[in-house]
Amino acid sequence: MIDDLDDPPLSDFDEDLIEGAAEDSASGEQAAAELPRVLRYAVLASRADHSVYQRLAAEIETVCPGIALTATWIDTPDAASGCALAIELDHRAVREDQSECRSLADCVRLISLALPRDRTLGEEHRRVASALAAALRKLPQSITFALAAEVEAVVYGWAALPVCAHEVVGAFQTPAIRAAAMLGARMARRRIDEAEEKAFARSRERLRKADGREAARGDVDTAGPLPAVPDGHVVVARTDPVTMSGHKFKEIITPLKSLIDVPLPLIKTPPLAEVRRQLMAEFSYAASVVDFVLSDLVGRPTIAFRPLLMVGPPGGGKTRFAQRLHQLLGIGMWRTDSSGADGAAFSGTDRRWATAQPCHPLLAIARAGHANVLVLLDELDKAAISRDHGRLFDCLLGFLEIDSARQYPDPALQTTVDLRHVCYVATANFIDNLPSPLLDRFRQIVFPKPAEEDLQALLPAVVTDILRDQGMDQRWIDGLSPSETAAIAHHWRGGSVRRLRRLVEIVLRQRDGQASRH
């Protein structure tokens, strides 16, 4: 009888093999599993998947068991050990007539090589490039566009590494496959921007032709005479007897009855000096932002400013600034959380669908009751880049251009609406991932973080916001005492306004607790 306790312990190599096999079977990456082997490992390695070495080692041990160099490579997966193992696998492919060994050798080179810094490993890089190109020609048609684009970027990026690697990284120790993915993505950026611009141009041409057809049938009888539009008003949506009919339309039109064929007011520009004074009192650390934003309102009888993008680190108060701006200007605001928004919903859904609804800017106008409402696109840099439900980036182009916004074809109403007076403010922590056609349509300003010396100016506004959110009147509470202010100053040395608010909430909560005990 053999006791289980007498079994020899597993070596590190055995554990790596078990881990790799388990990871391969449990990953659930069905789409990547359909790729040719070398492309599958190229994608995994470019994503910095740390299990890629164990997965490949498990495959090698299954196909060519007992190769001592496999354990050496998995222990130190550098170019030297990788090339030695790849050469041995090539020899096995010839000796044992196993073509699969040659495929495994290509994969080992792929994930082991660093950037090509000289001609020593040039042939190894070319060998991998040939394998990737051959596999790309066999790319399955069933995979998603997103995965196909990822594969294409890696393949072409690898081919360009010998002459363009310095464009993405400066250290030669960088894994070649990671640099290839970055380089491939950069190589396609301008072509993607060009394609988006062409698509937008085609959309504008369709609008122009639709306008021509509308003008050509201008003598068609309408449901009644158009209402007179007073100064300072605009009709956002007019009755269209051709499309505004049917049972489904009645459901869509119900929340919009207040604006169909109705002249809506444009909110007048308030005294900018007073608006500036109040903004400066609360955002003294962002004086350049205050002046930059308000400068676009100078000389305008009604509130209208070009699309604005505020860029800065999280916690600086960008969203709160936008909220105070709309309050002081006296206009309604519609907030869109970009991280959870998609283009299909924001731009409106077609009347054919059960979930049909007008575009969000039109809903914002209906809720506010005036045409120059503010739409806040919060954290625009976090918008999804997947095209499954339409990218928010793409649909925004039609709203940010005055020419297209003037006659925006709403898919639910199936007629054009006038959205040119809507004001757009976007916030972002970074802009590196935003498409250049989108950035070109925004005025950009850097929003700074407050410093320690801005505490006294920030505290009254923070307390007011907290009380407002709690439904309390500021008249029923005393301001912060010197000792409370000192305690807050001890823990806040500038930076995030969000953190400052949490500190003030703690102080006020502690004050309430002491009051209840007495």
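Colleague: Help me understand the environment of V63, please; the structure alone is not making it clear to me.
Modeller: Checked against the element boundaries, V63 lands in helix 4 (residues 52–63). Distance from V63 to E100, taken between C-alpha atoms, is 7.7 Å for residues 37 residues apart in sequence. Among all residues touching V63, those that are not within four sequence positions of it are Q98, E100, C101 and L104.

Colleague: What should I look at first to understand the pattern of salt bridges in this one?
Modeller: Throughout the structure, instances matching the rule amount to 24 salt bridges. Here E123 ties to R126 by a salt bridge, and the two come within 3.2 Å at their closest N and O atoms. In this pair, E123 and R126 are both assigned in helix 8 (residues 122–136), 3 residues apart and thus about one turn of the helix distant. A single network of salt bridges, built from pairs that share partners, joins D90, D106, R109, E124 and R127.

Colleague: Could you clarify how one ought to interpret unusual backbone geometry in this entry?
Modeller: A negative phi angle characterises most non-glycine residues, just as the trans form characterises most peptide bonds. Of note, D97 is a non-glycine position whose phi angle comes to about 50°, a positive value. When you line up the elements, D97 lands in the loop between helix 6 (79–95) and helix 7 (99–112). Among the residues examined, D97 registers a relative accessible area of 70% and is labelled exposed. Positive phi outside glycine occurs at E379, with the angle close to 55°.

Colleague: How should the environment of L439 be read in this particular structure?
Modeller: Here L439 shows up in helix 19 (residues 436–439). C-alpha separation for the pair L439 and L309, spaced 130 residues apart in sequence, amounts to 8.5 Å. Beyond its immediate stretch of four places on either side in the chain, L439 contacts L309, I431, L434 and Q444.

Colleague: Honestly, the pairing of strand 9 (residues 443–446) in this entry has me stumped. Any pointers?
Modeller: The side chains of a regular strand alternate, residue by residue, between the two faces of the sheet. Of the two faces of strand 9, the one holding R443 and I445 is buried and the one holding Q444 and V446 is not buried anywhere. Bridging between strand 3 (residues 308–311) and strand 9 involves 4 bridges; their strand directions are parallel. Looking at the pairing, L309 lines up with Q444 of strand 9.

Colleague: Mind showing me how you'd approach helix 3 (residues 37–46) here?
Modeller: One turn of an α-helix holds 3.6 residues; hence residues three or four places apart share an orientation. In terms of burial, helix 3 is largely enclosed, as 10 of its 10 residues are buried. Residues of helix 3 that are buried: R37, V38, L39, R40, Y41, A42, V43, L44, A45 and S46. The first or second residue beyond helix 3 is A48, which carries a positive phi of 60°.

Colleague: Hey, could you run me through the packing of helix 12 (residues 272–282) against helix 14 (residues 318–329) in this one?
Modeller: Each pair of packed helices gets described by two things: the angle between the helix axes and the distance between those axes. The geometry of helix 12 relative to helix 14 is characterised by a closest axis approach of 10 Å and an angle of 155° between their N-to-C directions. The angle between helix 12 and helix 14 falls in the class roughly antiparallel. Judged by the sense of rotation from one axis to the other, the crossing of helix 12 with helix 14 is right-handed. The residues of helix 14 that touch helix 12, namely those facing V275, Q278, L279 and E282, are R320, F321, R324, L325, L328 and L329. Class assignment for the residues of the contact of helix 12 with helix 14 results in 6 nonpolar, 1 polar and 3 charged.

Colleague: Which parts of the structure should I look at to understand the nonpolar core?
Modeller: Note on soluble globular proteins: their nonpolar side chains tend to be buried together. One finds L39, L56, L89, L110, L132, V151 and W158 to be the most contacted residues of the largest nonpolar core, which totals 51 residues. For this core, the secondary-structure elements that each account for two or more residues are helix 3, helix 4, helix 5 (68–75), helix 6, helix 7, helix 8, helix 9 (145–164) and helix 10 (176–216). Judged by nonpolar contacts, the second largest core, of 49 residues, contains L309, A405, V417 and F442.

About the thresholds
- Residues numbered from 1 in each chain as written.
- Predicted model: local features only at pLDDT ≥ 70, side-chain atom pairs only at ≥ 80, totals over all residues.
- Heavy atoms only, no water.
- Helix = DSSP H or I, 4+ residues; strand = E, 2+ residues; numbered from the N terminus.
- Contact = heavy atoms within 4.5 Å.
- Salt bridge = Lys/Arg side-chain N within 4 Å of Asp/Glu carboxyl O.
- Buried < 20%, exposed > 50% of the residue type's maximum accessible area, 1.4 Å probe, protein only.
- Pairing = 2+ DSSP bridges.
- Axes fitted to C-alpha atoms, helices over the stretch in contact; angles between N-to-C directions.
- Parallel < 35°, antiparallel > 145°, perpendicular 65-115°, else oblique.
- Left-handed = near helix turned anticlockwise from the far one by under 90°.
- Nonpolar A, V, L, I, M, F, W, Y, C, P; charged D, E, K, R; others polar.
- Core = buried A, V, L, I, M, F, W, Y, C linked by side-chain atoms within 4.5 Å.

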